[in-house]
Structures are given as structure tokens and as C-alpha cells.
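Per-entry structural report
Chain by chain, the residues:
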Amino acid sequence: MADSLGEIRVADQVIAIIAGVAVEEVLEVTVRSGGIYQDLAKKLNGGAKGITVSVIDDRVTIDMRVSVRYGAQIHHVCHILQEKVKEAVETLTGLYVEAVNVRVETIELLRSE
């Protein structure tokens, strides 16, 4: 973002954290972390697990790997997730979110106790 006072840049990790917080608003979805090595790499790089961000010319693309609770309508829940992430990132950063790509990797089965 260019400003008359200088340039403002939002780190990819910050965008990933904003997206991760938005995911928490959708109760039927959780972000999937990778394997032990991927988790370690994300911690070292300061990123959010299961969320990858790409910013090119003030346009953001977010890729998310998620788990959906069994019984939830996957398409509906993921659409809500896309809207919440897009709104949160655009509102807080001023950047345009071009895409929020959601990959459902697992279904969470609730266990009765």
C-alpha cells in the first residue's frame, strides 16, 4: 500500500493470524495443522498452522486446510468461512482478498462419553 507518508506492508504471518482468528468464529470448522515437520517449520517462520498466504500487488490469496465437524453441510460452512476470512482480512489490513481457497482434509467425528 502506498501512502503519501511512505509505504505500509503487512506481513504474510499477520494476515495468516487474522485469518486464523476468523476461523474460530465458525464453530463447525478447525484449521488443520501439518505433520510434525511442517508444524516445526511454521513455528520457526512465525506462520499460522494450516494457513498459507500470498500477497501480490496488494491482492491476497489465502489457502486453508481445515477439518469440518461431522453433520455440518460442508459447502455451506466453507462458504461462511470464506466470507468471514475475507471480511476480517480486508477490514483489518485494507488489502483486497482475491481468493480464500478452502481444502477440507478431514471430518471430525464427535465421540459420546
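Residues numbered from 1 in each chain as written. Predicted model: local features only at pLDDT ≥ 70, side-chain atom pairs only at ≥ 80, totals over all residues. Heavy atoms only, no water.

The name given to the protein chain in an unreviewed UniProt entry is Asp23/Gls24 family envelope stress response protein, with the source organism recorded as Brevibacillus antibioticus. UniProt, in its Sequence similarities (unreviewed entry) section for the protein chain, records the words "Belongs to the asp23 family." (UniProt positions renumbered as here; feature names shortened; annotations may be inferred.)

Examining helix H3 (residues 74-93)
For an α-helix the count is 3.6 residues per turn, leaving residues at separations of three or four pointing the same way. Between its terminal C-alpha atoms H3 stretches 28 Å, which fits the 28 Å expected from 20 residues at 1.5 Å a residue. Along H3, the residues that are buried comprise Val77, Cys78, Leu81, Val85, Ala88, Val89 and Thr93. End-on, the buried residues of H3 take up no more than an arc of 95 degrees, which puts them together on one face. Turned more than 90 degrees away from the buried face of H3, the exposed residues are His75, Glu87 and Thr91. Buried residues in H3 make contact with helix H1 (12-23), strand S3 (29-31), strand S5 (59-69) and strand S6 (96-108). Positioned one or two residues after H3, Gly94 has a phi angle of 80 degrees, which is positive. (Helix = DSSP H or I, 4+ residues; strand = E, 2+ residues; numbered from the N terminus. Expected span 1.5 Å × (residues − 1). Buried < 20%, exposed > 50% of the residue type's maximum accessible area, 1.4 Å probe, protein only. Arc of directions from axis to C-beta. Contact = heavy atoms within 4.5 Å.)

Description of unusual backbone geometry
The phi angle at Asp57 is positive, at roughly 55 degrees, despite the residue not being glycine. Taking the relative accessible area as the measure of exposure, Asp57 reaches 71% and is therefore exposed. Positive phi outside glycine occurs at Asp58, with the angle close to 60 degrees. Here Asp58 lies in the loop between strand S4 (51-56) and S5. Under the relative-accessibility criterion, Asp58 is labelled partly exposed at 34%.

Things to note about the environment of Tyr96
Inspection of the secondary structure assignment puts Tyr96 in strand S6. Owing to a relative accessible area of 39%, Tyr96 belongs among the partly exposed residues under this scheme. The spacing of Tyr96 and Val60 is 36 residues in sequence and 6.1 Å in space, taken between C-alpha atoms. With residues near it in sequence (within four places) discarded, Tyr96 still touches Asp58, Arg59, Val60, Lys86 and Glu90.

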